[in-house]
Amino acid sequence: MEIFIDTANVSAIRQFSRIGIVDGVTTNPALIASEGRNFREVVEEICTIINGPVSAEVISLHAEGMIHEGRLIAKIHPNIVVKIPATPAGFEAVNVLSQEGIKTNVTVLYTANQALLAAKVGATYVSPFVGRLDATSTSGTELIQEIVSVFNNYNFSTKVLAASMRNSIYVKHAALAGAHVATIPPEVLEQMMLSELTDLGVEGFLAEWNTLPEEKRNYFS
Ligand code: E4P
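What this report covers is the structure whose coordinates are included nearby. (Residues numbered from 1 in each chain as written. Predicted model: local features only at pLDDT ≥ 70, side-chain atom pairs only at ≥ 80, totals over all residues. Heavy atoms only, no water.)

**Structural notes on the packing of helix 4 (residues 63-74) against helix 5 (residues 88-99)**
Step number 1: Helix 5 packs onto helix 4 with a crossing angle of 40° between their chain directions and a minimal axis gap of 8 Å. By the angle between their directions, the pair helix 4 and helix 5 is classed as oblique. Remark: the crossing between helix 4 and helix 5 carries right-handed chirality. For the pair formed by helix 4 and helix 5, the contact residues are Ala63, Met66, Ile67, Gly70 and Arg71 on the first element and Ala89, Gly90, Glu92, Ala93, Val96 and Leu97 on the second. (Axes fitted to C-alpha atoms, helices over the stretch in contact; angles between N-to-C directions. Helix = DSSP H or I, 4+ residues; strand = E, 2+ residues; numbered from the N terminus. Parallel < 35°, antiparallel > 145°, perpendicular 65-115°, else oblique. Left-handed = near helix turned anticlockwise from the far one by under 90°. Contact = heavy atoms within 4.5 Å.)

**Re a nonpolar patch on the surface**
Step number 1: There is a patch of nonpolar side chains on the surface, built from Val202, Leu206, Trp209 and Tyr219 and spanning about 410 Å² of accessible area.
Step number 2: Within the element layout of this structure, Tyr219 appears in the segment after helix 12 (214-217).
Step number 3: A relative accessible area of 56% means that Tyr219 is categorised as exposed. (Patch = residues over 30% accessible without salt bridge, like charges linked within 9 Å, V, L, I, M, F, W, Y side chains within 5 Å. Areas by Shrake-Rupley, 256 points an atom, 1.4 Å probe, with all protein chains shown as cover. Salt bridge = Lys/Arg side-chain N within 4 Å of Asp/Glu carboxyl O. Buried < 20%, exposed > 50% of the residue type's maximum accessible area, 1.4 Å probe, protein only.)

**Quick look at the nonpolar core**
Step number 1: Residues Val106, Ile147 and Met165 are the most contacted members of the largest nonpolar core, which totals 62 residues.
Step number 2: Residues Val81, Tyr125, Leu161 and Val181 belong to the second largest nonpolar core, which totals 5 residues. (Core = buried A, V, L, I, M, F, W, Y, C linked by side-chain atoms within 4.5 Å.)

**Focus on the side chain of Thr141**
Step number 1: Checked against the element boundaries, Thr141 lands in helix 8 (residues 140-153).
Step number 2: Taking relative accessible area as the criterion, Thr141 reaches 15% and is therefore assigned buried.
Step number 3: Setting aside residues up to four positions removed in sequence, Thr141 forms contacts with Val130, Asp134, His173 and Ala177.

This is the structure:
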């Protein structure tokens, strides 16, 4: 499974990319706003850090505006993926942009039918919002399973990008359900690397190791 980082914070992107676990980045208008920086400047900087897909979202609500913004955003860098909401206007915009060879990510998506339509109009990714769906007492993981089945049934090349991954359990479930990608906020990536048992195990080994006389521990020199 590919892992994208779900943030517009360039320090976090640098930190996790150094570890080697980040294949791409997703942003949204709220994430960009929380950085308080110019949209274009942030997106350009992200593209210099990560050599992979970088999703940046349109803000227009009608197809014409989405197409116009999508073309402008796509010009920022060859790795840009234009993020477009799963609305009737959004599907129309994706249909036009995908025929122009612009990569798209259909976002704020909550049903398998929306995913089917996004694939029909040539979306590169669909982003089901798992955490937000779970918050309405509907299983986000089941939605991922459904979309993966639909895409497999018809050999769609559109990738399932599990989004709104608000804890590490969601990521595990998305991976088990066959999502091609998960986009994960920095704090959840951090959580995924940690286990108290690992820390206790390492601590225990070192405690035993330190009972060896020093001259027998000196294998580095
Ligand atoms: C996805 O691309 C979105 O940016 C993001 O995953 C939304 O997550 P949230 O529901 O935690 O805001």
